[in-house]
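Inside the fold
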Amino acid sequence: MSSLSTSAGSRNAVLAFGAFGVGTSGYIVAGLLPSLVSELHVSATAAAQLVTSFAIAYAIGSPLFAAVTGRWERRTLLVAALVVTGLGNLFAAVAPGYTTLLLARVVTAVGAAVFTPAASAVAAELTTPERRGRAVAMVFGGLTVALIFGVPLGSLVSQQWDYEAAFLLVGVLSLAGAIAVRLVLPRVAPPPAVRLAERFAVARDKRVVALLVTTVLACLGAFMVYTLSSSLLAATAGITGGTVTVLLFCYGIGGALGNYLGGRAADRWGARVPVLLVLGGMTVVLALLPFTSVTVVGAGITFFVWGTITWAINPPMQHRLIELSPGHAGLALSLNASAIYLGVGLSGIVGGAVLTSAGPTVLPEIAAVLSAVAIAVMVFFWDTRRARRVEAREEVAVG
């Protein structure tokens, strides 16, 4: 392996480690749910709002802070983002009650909202175009590793001690990521200066908007089930405690594989076919989830397949956004990050409402419908020829 490729691999590995801390910060509530309900004396629906507070703050903050920090040197920006994420988790570890914990989750989300899109853009910038999908996939690999190890580890820590210890651990990991980025990543110049209005011009492309809508729908469906999976598994197979942790581990292993395969598929076939195949597979798996998770073995296989399919969508979606907005890749990715966490935030609200009104076994069915709607959006708006004809008519009308 050449020194250049080794250097690129090291940089991407450090960015992935930072994404691991950020991803664990975002997803950890799913593993802590039983502990949070017990120690805070709140309902599962209320505990799920800790996901919502993080996700909504992330969704709002990502494009806002991408604009505010647009002229920051990229390494400095990434280090600062990880420090804020780490401090937010430490704040959560010492929060005296539910309301303060909600605030701590917002602080944590601010750092995460800055780090993930900036890290993806830096990874894409520091690699060749033909390896861009794999570079972005490696950064997102940190998020999937968070699902494999971070969330189950948090669940185990909370079972042995308490949820505060889990937040403390994640805070330390995030701060370690900040140190690693500072030591390994070179200085990376910020993108060229553009006016605020120009930063959001990318959102006028109907194809970009369709991708963002698809992301919201897919994440809403996936995370309304994932966040409340402990309630679902208890209802379908009577699974509780440490077995839930093992099944979350199965989901995360599948997610890592799916993220890798999604990056390879995007580099080889482009984005359209992988995205549509993933959404189709997600619809089927979610629709069958209540029937395939009635035993521990069946749930383990299903969670592995579900994780593989769900996480295969990120690299081709990122690849497509960079392709559509090469001059504003950072903003496009920040908007996509907002869409991801808007879906995650809505999942706490919608999932909680479904859980309260219809029960946990209905969650996957509603999620499957949302995934099917996402397919319809993709099929209708992906046609670049149609999009160019519409844009041409609009230009003629303006002229």
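Residues numbered from 1 in each chain as written. Predicted model: local features only at pLDDT ≥ 70, side-chain atom pairs only at ≥ 80, totals over all residues. Heavy atoms only, no water.

Under an unreviewed UniProt entry, the name given to the protein chain is MFS transporter, and the source organism is Amycolatopsis rhabdoformis. One UniProt comment on the protein chain, placed under Subcellular location (unreviewed entry), says "Cell membrane". (UniProt positions renumbered as here; feature names shortened; annotations may be inferred.)

Considering the overall build of the protein chain
Each helix and strand in the protein chain was counted, giving 17 helices and zero strands. A total of 399 residues make up the protein chain; the buried ones form 57% of that total. Taken as a whole, the protein chain presents about 15,600 Å² of accessible surface, with 70% of it coming from carbon and sulfur. (Helix = DSSP H or I, 4+ residues; strand = E, 2+ residues; numbered from the N terminus. Buried < 20%, exposed > 50% of the residue type's maximum accessible area, 1.4 Å probe, protein only. Areas by Shrake-Rupley, 256 points an atom, 1.4 Å probe, with all protein chains shown as cover.)

Quick word on empty space enclosed by the protein
Across all of its chains, the model carries four cavities of 30 Å³ or more by this definition. Each pocket or cavity is described by its volume, and for the largest cavity that value is around 210 Å³. Taken together, 18 residues make up the lining of the largest cavity; nearest its centre are Cys219, Phe223, Ile313, Asn314 and Ile340. Put simply, the parts of the chain that give the lining of the largest cavity at least two residues each are α6 (132-160), α9 (206-226), α13 (296-311), α14 (314-324) and α15 (329-357). (1 Å grid on protein atoms, 1.4 Å probe; cavity = no way out; pocket = protein on both sides within 12 Å on 5 of 7 lines; lining within 4 Å. Points joined across faces, edges and corners; volume = space filled by probe spheres on them.)

Some points on the nonpolar core
With 112 residues, the main nonpolar core has Leu36, Leu78, Leu101, Val225 and Trp306 as its most contacted residues. Residue contacts for Leu78: discarding those within four places in its chain leaves Leu15, Phe115, Ala118, Ala119, Val122, Val181 and Leu185. (Core = buried A, V, L, I, M, F, W, Y, C linked by side-chain atoms within 4.5 Å. Contact = heavy atoms within 4.5 Å.)

Brief notes about the environment of Arg207
Inspection of the secondary structure assignment puts Arg207 in helix α9. In sequence terms Arg207 and Leu324 are 117 residues apart; their C-alpha atoms lie 8.1 Å from each other.

Overview of the packing of helix α11 (residues 242-269) against α13
The interhelical angle for the contact between α11 and α13, taken along N-to-C directions, is 35 degrees, at an axis separation of 6 Å. The interaxial crossing formed by α11 with α13 has right-handed handedness. Within the contact between the two elements, α11 uses Thr243, Leu247, Cys250, Tyr251, Ile253, Gly254, Gly255, Leu257, Gly258 and Asn259 and α13 uses Val296, Ala299, Gly300, Phe303, Phe304, Trp306, Gly307, Thr308, Thr310 and Trp311. (Axes fitted to C-alpha atoms, helices over the stretch in contact; angles between N-to-C directions. Left-handed = near helix turned anticlockwise from the far one by under 90°.)

Details of helix α3 (residues 44-68)
Here α3 spans 36 Å end to end across 25 residues, near enough to the 36 Å set by a 1.5 Å rise per residue. Along α3, the helix axis deviates most sharply at Gly61, where the bend reaches about 35 degrees; the proline Pro63 sits within four residues downstream. With a side-chain oxygen lying 3.1 Å from the backbone nitrogen of Ala46, the N-terminal cap of α3 falls on Ser43. (Expected span 1.5 Å × (residues − 1). Bend = angle between axes of the 7 residues up to and from the residue. Polar contact = N/O pair within 3.5 Å; in protein donor to acceptor, adjacent residues only side chain to side chain.)

Quick look at the environment of Val181
Mapping Val181 onto the fold places it in helix α7 (residues 163-184). Residue class for Val181 comes out buried when judged on its relative accessible area of 0%. Residues Val181 and Leu78 lie 103 residues apart in sequence; the distance between their C-alpha atoms is 7.4 Å. Contacts of Val181, omitting those with residues within four sequence positions, involve Val14, Arg75, Leu78, Val79 and Leu82.

Notes on helix α2 (residues 29-40)
Taking 1.5 Å as the rise per residue, α2 with 12 residues should run 16 Å; its terminal C-alpha atoms sit only 13 Å apart, a clear shortfall. The complete set of buried residues in α2 reads Val29, Ala30, Gly31, Leu32, Leu33, Ser35, Leu36 and Leu40.

Some thoughts on the packing of aromatic side chains
Counted under the stated rule, the structure contains seven aromatic pairs. Measuring from centroid to centroid gives 6.5 Å for Phe17 and Phe20, while their planes differ by 20 degrees, and the two rings are stacked. In this pair, Phe17 and Phe20 are both assigned in helix α1 (residues 3-27), three residues apart and thus about one turn of the helix distant. Judged by relative accessible area, Phe17 falls into the partly exposed class, the value being 31%. (Phe/Tyr/Trp six-rings, centres within 6.5 Å; stacked < 30°, edge-to-face > 60°.)

Some remarks on the side chain of Ser293
For Ser293, the position within the fold is in the loop between α12 (272-292) and α13. Among the residues examined, Ser293 registers a relative accessible area of 1% and is labelled buried.

Remarks on the packing of helix α4 (residues 74-94) against α7
Axis separation between α4 and α7 bottoms out at 7 Å; the angle between their running directions is 165 degrees. For the element pair α4 / α7, the angle class is roughly antiparallel. Like other packed secondary-structure pairs, α4 and α7 cross with a definite hand, here left-handed. Mapping the contact onto sequence places Arg75, Leu78, Val79, Leu82, Val83, Thr85, Gly86, Asn89, Leu90, Ala92 and Ala93 in α4 and Glu164, Phe167, Leu168, Val170, Gly171, Ser174, Leu175, Gly177, Ala178, Val181 and Arg182 in α7. Taken together, the residues of the contact of α4 with α7 sort by class into 13 nonpolar, six polar and three charged. (Parallel < 35°, antiparallel > 145°, perpendicular 65-115°, else oblique. Nonpolar A, V, L, I, M, F, W, Y, C, P; charged D, E, K, R; others polar.)

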